[in-house]
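A closer look at the structure
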Amino acid sequence: MDVDEYLAEAERRRESVRPDVPRQVVYPRGEVPIGEYVRGWARETPDAIALAFYGRELTWREIDDLSDRAAGWLETQGVQAGDRVGVLLPNSPQFVIAFIAIMKLGAVHVPINVMFREHELHHELTDADVKVLFCVDSMLDVLGNVIGETAVESVLVTSAMELAGDDPALPAPAAPPATTSPNVTPTATWRDLATASPAAPREVDLDALAALNYTGGTTGMPKGCEHSQRHMLYAVAAWMTASGVTGRPAFLCHVPVFWIAGEDMGILSPILTGGTCVLLARWDAEAVMRSIERYRVSIWIATVDNYVEIMEHPDAERTDFSSLTTPLAMSFVARVDPEVRQRWRETSRTDGVLREAAYGMTETHTMDTSTYGLQDDDWDILGEPGQCGLPVPGTDIMVVDPATAEILPLGERGEIVLRSPSILTAYWRRPDATDDAIRDGWLHTGDTGFIDEAGCLHYLVRNKDMIKVNGMSVFPAEVEAYLCRHDDVEVAAVVPRPDPDKGQVPVAFVKAVAGRDIDPDALRAWAKTQMATYKVPEMRVVDEFPMTTTGKIKKAELAAQTQDRT
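Note that the coordinates shown come from a computational prediction; the quantities given were computed from them, not determined experimentally.

Things to note about the nonpolar core
Grouped together as the largest cluster of nonpolar side chains are 142 residues, with contacts concentrated most on Leu74, Phe134, Leu143 and Trp300. Here the element with the most residues in this core is helix 4 (residues 93–105); it accounts for ten residues. By size, the runner-up hydrophobic cluster in this structure holds 25 residues, among which are Tyr6, Cys225, Cys388 and Ala433.

Now the structure itself:
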């Protein structure tokens, strides 16, 4: 089967489940630069709320003006098209305004995690060759320890909550304490920016480098993914088209906007739709519920654990969730299952069905599939594990042999490869990694999965995390999904343990549902009735999991713990 035949067959299968949505990507204002989107909404709906932050409400007119002034300040620092500008800020209006300003200049946005320490911060500043930096004052001490080894010349400093409102109904959290460093002399403050002369509009190349979004560094140091404004426009517009999103909705974002998923939902989606971003500095169940009710939020993305916390909150029964038509989940730890979905339906008292958001990665701008319309009778979560939905319009997905890159028959497990208008142009200054990842226009993701009988993608595991038992493949996500169907298991994480006879064996770290106990031997006996013997893991019961700053289980630490047994 060649590529065309494979894609045609996959598309034929999708006809039975595809929802009634446009087959071509819909761009609300066309394929024009992001700055033109902002200017357009400022002309058409100048007084509409573009951004709400703890009671502070910025209109599209204000966002357009402030981003013009930010662009003007950047020009005074010598920033030109193609120059890299670092944004070391938490969720805040300042982050959004800085992003838009960088786009208006045709410069390059380099978002940086505010949880970084010296080694991580040094790597991204030097690798991207950042010369101008927006920096939150709580990070000045860390910056001061590395700035002398970087090319940073200008630093604009602001406080995390400087633009927060004064609203007793939605109190803002305290800003992290400000720090100082003798090695950092701030070039400007936010007040300087707000009074700067605005930059004049300029032509921007949609296909020029516009962002360096760094990968998580699962192998070696993080790599910068080169993305253009066209990539950004397509990723968000294609997902909204496939998900039936129309009009000017209100989006709620507490996910960090320095992550690419937060950028998509908290910045780009409101910009493309002309809707409202309700931005929170961090996760807080009470603030989320008050924001949904106050701003009539219709689209929200959160972890399954966040939804569970809402469902268990005493204020949930008194909260009006009726506007929330699109509650989206990220299954980093707990997973969407029929029980969680039904509990959410009962708690929210709405028709908004809790569902997985998408399959994606930093290299693709992370919105490659949509699960919209696949929830009848819980079809999307009752079948085989890892269902991620259908490719968005304009995106092609195949599964190939990871060793030979030969196309595998539909249904077989292999490496997921993908091509779309939003895959990275290259890894920044890494031609070796680029050539390895992008071959003949296809991105080799390093993820293992398959395409099912309905043409839906299933993600199973990163290739490097595959467990081989006597040469047979064990997919951690599959075993975890089976274990979580046990009434006593809330969360399961499966990792390999070296074994002298079998090569590897799976080990499951399991956390019990509140108020219940797990007998490891009994759970293992039950597991033998649910899956092939070689997949049945050793069981270890834990109270909590080691977590990353991005809310994922640190499986490397769990794997290290398996070394204490033979």
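Comments concerning the packing of helix 2 (residues 34–44) against helix 9 (residues 260–273)
In the contact formed by helix 2 and helix 9, the axes pass within 8 Å of each other and the chain directions differ by 55 degrees. Classified by the angle their axes make, helix 2 and helix 9 are oblique. Helix 9 is crossed by helix 2, and the crossing has left-handed handedness. Along its contact with helix 2, which presents Ile34, Tyr37, Val38 and Trp41, the element helix 9 presents Leu268, Ile271, Leu272 and Thr273. Residues that form the contact of helix 2 with helix 9 fall into these classes: seven nonpolar, one polar and no charged.

Considering the side chain of Asp380
On the secondary structure map, Asp380 appears in helix 13 (residues 379–382). Residue Asp380 is classed as buried on the basis of its relative accessible area, which comes to 7%. Among residues more than four places away in sequence, those in contact with Asp380 are Arg341, Leu374, Gln375 and Gln387.

Quick look at the environment of Thr325
The residue Thr325 is located in the loop between helix 11 (304–311) and strand 13 (326–330) in this model. Between the alpha carbons of Thr325 and Gly266 there is a distance of 17 Å; along the sequence they are 59 residues apart. Once you skip the residues sitting within four places of it in the chain, Thr325 turns out to touch Ser298, Gly352 and Val353. Within the local environment of Thr325, its side chain forms a polar contact with the side chain of Thr326, the two groups lying 3.4 Å apart.

Section: the pairing of strand 13
With five of its five residues buried, strand 13 lies for the most part within the structure. Judged by which residues are buried, strand 13 turns out to be covered on both faces: Thr326, Leu328 and Met330 on one side and Pro327 and Ala329 on the other are all buried. Relative to strand 13, strand 12 (residues 299–303) is paired through five bridges, and the arrangement is parallel. For Ile301, the partnering residue across the bridge sits in strand 13 and is Leu328. For the segment spanning strand 12, helix 11 and strand 13, crossover handedness is right-handed.

Considering the sheet that holds strand 14 (residues 355–356)
Backbone-to-backbone hydrogen bonds pair the strands of a sheet. The strands run either parallel or antiparallel. Pairing within the open sheet is mixed, and its seven strands lie in the order 2-1-11-10-12-13-14. A single partner strand is all that each edge strand has here, and the edge strands are strand 2 (56–59) and strand 14. Across two bridges, the pairing between strand 13 and strand 14 is parallel. Residue Leu328 lies in a different strand from strand 14, and its bridge partner there is Arg355. The strands touched by helix 3 (residues 60–76) are strand 1 (49–53) and strand 2; relative to strand 2, the strand with the most contacts, the crossing angle is about 80 degrees.

Details of the packing of helix 4 against helix 9
Put simply, helix 4 and helix 9 touch, their axes get as near as 11 Å, and they point 60 degrees apart. The angle between helix 4 and helix 9 falls in the class oblique. Here the hand of the crossing between helix 4 and helix 9 comes out right-handed. From helix 4, Phe95, Val96, Phe99 and Ile100 reach across to helix 9, where they touch Glu263, Ile267, Leu268 and Ile271. Grouping the constituent residues of the contact of helix 4 with helix 9 by class yields seven nonpolar, no polar and one charged.

Re the environment of Ser291
By the element assignment, Ser291 lies in helix 10 (residues 285–295). Ser291 gets classed as buried once you look at its relative accessible area, which sits at 0%. Ser291 sits 23 residues away from Leu268 along the chain, and the two C-alpha atoms are 20 Å apart. Setting aside residues up to four positions removed in sequence, Ser291 forms contacts with Leu170, Leu252, Val278, Leu280, Arg296 and Val297. At 2.8 Å, the side chain of Ser291 forms a polar contact with the backbone oxygen of Ala287.

So, how was this worked out
Residues numbered from 1 in each chain as written. Predicted model: local features only at pLDDT ≥ 70, side-chain atom pairs only at ≥ 80, totals over all residues. Heavy atoms only, no water. Core = buried A, V, L, I, M, F, W, Y, C linked by side-chain atoms within 4.5 Å. Buried < 20%, exposed > 50% of the residue type's maximum accessible area, 1.4 Å probe, protein only. Helix = DSSP H or I, 4+ residues; strand = E, 2+ residues; numbered from the N terminus. Axes fitted to C-alpha atoms, helices over the stretch in contact; angles between N-to-C directions. Parallel < 35°, antiparallel > 145°, perpendicular 65-115°, else oblique. Left-handed = near helix turned anticlockwise from the far one by under 90°. Contact = heavy atoms within 4.5 Å. Nonpolar A, V, L, I, M, F, W, Y, C, P; charged D, E, K, R; others polar. Polar contact = N/O pair within 3.5 Å; in protein donor to acceptor, adjacent residues only side chain to side chain. Pairing = 2+ DSSP bridges. Right-handed = clockwise from strand over helix to strand, strands pointing away.

Scope: geometric values only; no functional claims are made or implied.
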